[in-house]
Amino acid sequence: MFELWSNLVSTRKLTLIRTVSVMVLAAVALVLGSTITNLALERLEQSSIGPYGEKIPVNGGALNVYRNGHAGQTIVLLSGYGTAAPALDYAPLIRELGNYNVVVVEGFGYGYSNKNAGPRTIENISAELHTALATLNIPKPYVLAGHSLAGFYTLYYSNHYPGEVSAVIGIDPTVPADTTGQTDASGGGTNWERMLSTTGVVRIATSIDPNLARPAGDAYSTSELERIRLMTSWNYGNPALADEGKEMANNARKLHGLSYPDALPVLTFLSTESMASMPQWYDRHERQLRNVQRHEIVVLDGGHYLHWTQSRAMAKAIGEFLGRTPKSP
């Protein structure tokens, strides 16, 4: 009887092991198949959809820069963290700024720029931006505008290259927290976000629900929305973005106590939704600009990506602000 029971248990264990093994192999095959399919689709898409902008050699890599080609005062646009296609994301605002020479610099990890880069420290990011603008002979001084996390970079850049910036525009910009802490940005571990991209999960998710990658509002063309969806799949969680995320707290620490130059005009747009979710949002920006002799804070209805839905109002305010701003600091 004992021998019969022992044989029965052994048979059940063997069956369980075989079942689990089959399931694991099936899962591996599914992931492998999805990864290969995703890679093939990416190559097909990238070969059939021509890139926008031009590649500028920087530090052994290449940054993609889009220019609208118009005459007028130069406005350099920097995107917020993780924006898949900055030049497309800013398309409604670029159209409204038709009287300006608009330049969108896509940092490493963004748009059509390289996806690998050196450490994403605020020093490196600012130096790369400066190199790209100098290589293109962008007329100085230029207006520097940044959304969200780019508020770190406009603050640092305007202090380190003060003679090259005539004004700063913030689009719901991030203000460095009052902290002296430091994080370990040495890297390591698994980049799970990148795995979601390479295995095709992001592609599948955005195909099922395009709104996951679609900007709000009705200011985008159908082709722009589709390309943004595709580029979200291509760029999601890439190495440069992952490192920038790890460096975020360290970059904030380096900006502790830093203010914009007193004589540099600063225009800041704040979102009502951000103010509702973060009660100190307005006050923190007001404190940051306390020393700036000429600054304005404009509150607009909408979410964090104000340029998705408020580009017309933003362009009007920018025109009025810059119209009263000297062309040189």
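What you are looking at is a predicted structure, and each value in this text was computed from that prediction instead of being measured. (Residues numbered from 1 in each chain as written. Predicted model: local features only at pLDDT ≥ 70, side-chain atom pairs only at ≥ 80, totals over all residues. Heavy atoms only, no water.)

A. A nonpolar patch on the surface, seen in detail. Where nonpolar side chains cluster on the molecular surface, the patch consists of Leu196, Val201 and Tyr236 and spans about 220 Å² of accessible area. Within the element layout of this structure, Leu196 appears in helix α6 (residues 192-198). (Patch = residues over 30% accessible without salt bridge, like charges linked within 9 Å, V, L, I, M, F, W, Y side chains within 5 Å. Areas by Shrake-Rupley, 256 points an atom, 1.4 Å probe, with all protein chains shown as cover. Salt bridge = Lys/Arg side-chain N within 4 Å of Asp/Glu carboxyl O. Helix = DSSP H or I, 4+ residues; strand = E, 2+ residues; numbered from the N terminus.)

B. Highlighting the side chain of Asp89. As for its position among the elements, Asp89 is in helix α2 (residues 86-89). At 2.9 Å, the side chain of Asp89 forms a polar contact with the side chain of Trp308. Excluding its chain neighbours within four sequence positions, the residues that come into contact with Asp89 are Thr83, Tyr220, Ile228, Tyr305, His307 and Trp308. (Polar contact = N/O pair within 3.5 Å; in protein donor to acceptor, adjacent residues only side chain to side chain. Contact = heavy atoms within 4.5 Å.)

C. Representation of the environment of Thr83 in the model. By secondary structure assignment, the location of Thr83 is in the loop between β3 (74-78) and α2. In this structure Thr83 comes out as buried when scored by relative accessible area, which is 7%. With residues up to four places along the chain from it excluded, the contact list for Thr83 reads Asp89, Tyr110 and Tyr305. Among the polar contacts made by the side chain of Thr83, one reaches the main-chain carbonyl oxygen of Gly80 at a distance of 3.1 Å. (Buried < 20%, exposed > 50% of the residue type's maximum accessible area, 1.4 Å probe, protein only.)

D. Local environment of the sheet that holds strand β7 (residues 266-271). Sheet architecture is open: eight strands sit in the order β1-β2-β4-β3-β5-β6-β7-β8, paired in mixed fashion. Taken across any chain shown, the strands that pair with only one partner, and hence form the sheet edges, are β1 (54-58) and β8 (295-300). Geometrically, the sheet is characterised by an average inter-axis angle of 25 degrees between neighbouring strands, direction not taken into account. Examined bridge by bridge, β7 and β8 share six bridges and lie parallel to one another. Within β8, the position partnered with Thr268 by the bridge is Ile297. Its contacts with the sheet put helix α4 (residues 122-135) on β1, β2 (61-67), β3, β4 (101-106) and β5 (142-147), and the angle it makes with β1 is roughly 120 degrees. (Pairing = 2+ DSSP bridges. Axes fitted to C-alpha atoms, helices over the stretch in contact; angles between N-to-C directions.)

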